[in-house]
Amino acid sequence: MITNALNNGLSGMRAAQSALDVSSHNIANMNTQGFKPQQIIQSENSTGGVSTAVRAPAAESAGKPEAAASGTDAATEMVNSLQFRATFDLNAKMVKTADEMLGTLVNTKA
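Residues numbered from 1 in each chain as written. Predicted model: local features only at pLDDT ≥ 70, side-chain atom pairs only at ≥ 80, totals over all residues. Heavy atoms only, no water.

**With respect to the overall build of the protein chain**
The secondary structure content of the protein chain amounts to two helices and two strands. Listing the helices and strands of the protein chain from first to last along the sequence gives α-β-β-α. Within the protein chain, the fraction of its 110 residues that count as buried is 22%. Long-range pairs, those at least 24 residues apart, make up 66% of the contacts in the protein chain with a sequence separation of at least 6. Looking at the protein chain as shown, the accessible area adds up to about 7,500 Å², and 57% of this sits on carbon and sulfur atoms. (Helix = DSSP H or I, 4+ residues; strand = E, 2+ residues; numbered from the N terminus. Buried < 20%, exposed > 50% of the residue type's maximum accessible area, 1.4 Å probe, protein only. Contact = heavy atoms within 4.5 Å. Areas by Shrake-Rupley, 256 points an atom, 1.4 Å probe, with all protein chains shown as cover.)

Encoded structure:
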């Protein structure tokens, strides 16, 4: 049970880090002409925890000119970054608590 909490916390931290990476990429390229922002897709694993995938923007058809402006909304990306950071912090606390519980269990049994 404690190892499940550790694994779930670690997968949550990895998912939050991936989401932060995507958000940072979108913000860094928001002034690039024709840039289309990436999206992060998170899904629940059947064994617990979270998995992530990055969804690239759909390719433009060959006959269409690229848009002059980027599709990145700075306000949305900033809010997302704050949310992903909070998610990372909460999962880190979960890992720390599970680690402390495991240490207490080991000390009790020793």
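Having seen the model, we can carry on.
**So, the environment of Met 30**
By secondary structure assignment, the location of Met 30 is in the loop between α1 (2-28) and β1 (39-44). Since its relative accessible area comes to 24%, Met 30 is described here as partly exposed. Put simply, Met 30 and Ser 70 are 40 residues apart on the chain and 5.6 Å apart in space, counted from C-alpha to C-alpha. Dropping the residues within four chain positions of it, Met 30 is found in contact with Ser 70, Thr 72 and Ala 74.

**Concerning the pairing of β1**
Inspection of the sheet shows β1 paired to strand β2 (residues 50-55) by six bridges, in the antiparallel sense. Residue pairing across strands places Gln 39 opposite Arg 55, the latter belonging to β2. Between β1 and β2, which pair antiparallel one after the other, the connecting turn spans five residues, and Gly 48 there sits at a positive phi close to 105°. (Pairing = 2+ DSSP bridges.)

**Some points on helix α2 (residues 74-109)**
With 36 residues, α2 extends 52 Å between its outermost C-alpha atoms, agreeing within 8% with the 52 Å of an ideal straight helix rising 1.5 Å per residue. Listing the buried residues of α2 in full gives Glu 77, Ser 81, Phe 84, Asn 91, Val 95 and Ala 98. Here the buried face of α2 lies against α1 and β1. (Expected span 1.5 Å × (residues − 1).)

**Description of the side chain of Ser 23**
Summarising the element assignment, Ser 23 is placed in helix α1. Taking the relative accessible area as the measure of exposure, Ser 23 reaches 1% and is therefore buried.

**What to know about the packing of α1 against α2**
With their axes 8 Å apart at the nearest point, α1 and α2 run at an angle of 160° to one another. In terms of orientation, α1 and α2 fall into the roughly antiparallel class. As α1 packs across α2, the resulting crossing turns out to be left-handed. Split by residue class, the contact of α1 with α2 holds 19 nonpolar, 10 polar and three charged. (Axes fitted to C-alpha atoms, helices over the stretch in contact; angles between N-to-C directions. Parallel < 35°, antiparallel > 145°, perpendicular 65-115°, else oblique. Left-handed = near helix turned anticlockwise from the far one by under 90°. Nonpolar A, V, L, I, M, F, W, Y, C, P; charged D, E, K, R; others polar.)

**Describing the nonpolar core**
One finds Ile 2, Leu 6, Met 13, Val 95 and Ala 98 forming the largest nonpolar core, which totals five residues. Elements with a minimum of two residues in this core: α1 and α2. In terms of residues, this core owes the most to one element, α1, which gives three residues. (Core = buried A, V, L, I, M, F, W, Y, C linked by side-chain atoms within 4.5 Å.)

**Some points on the environment of Val 54**
Assignment of secondary structure puts Val 54 in strand β2. Exposure remark for Val 54: the relative accessible area of 47% places this residue in the partly exposed category. Along the primary structure Val 54 and Gln 42 are separated by 12 residues, whereas in three dimensions their C-alpha atoms are 8.8 Å apart. When sequence neighbours within four positions are dropped, the list of residues in contact with Val 54 reads Val 22, Gln 38, Gln 39 and Ile 40.

Geometry only, nothing functional implied.
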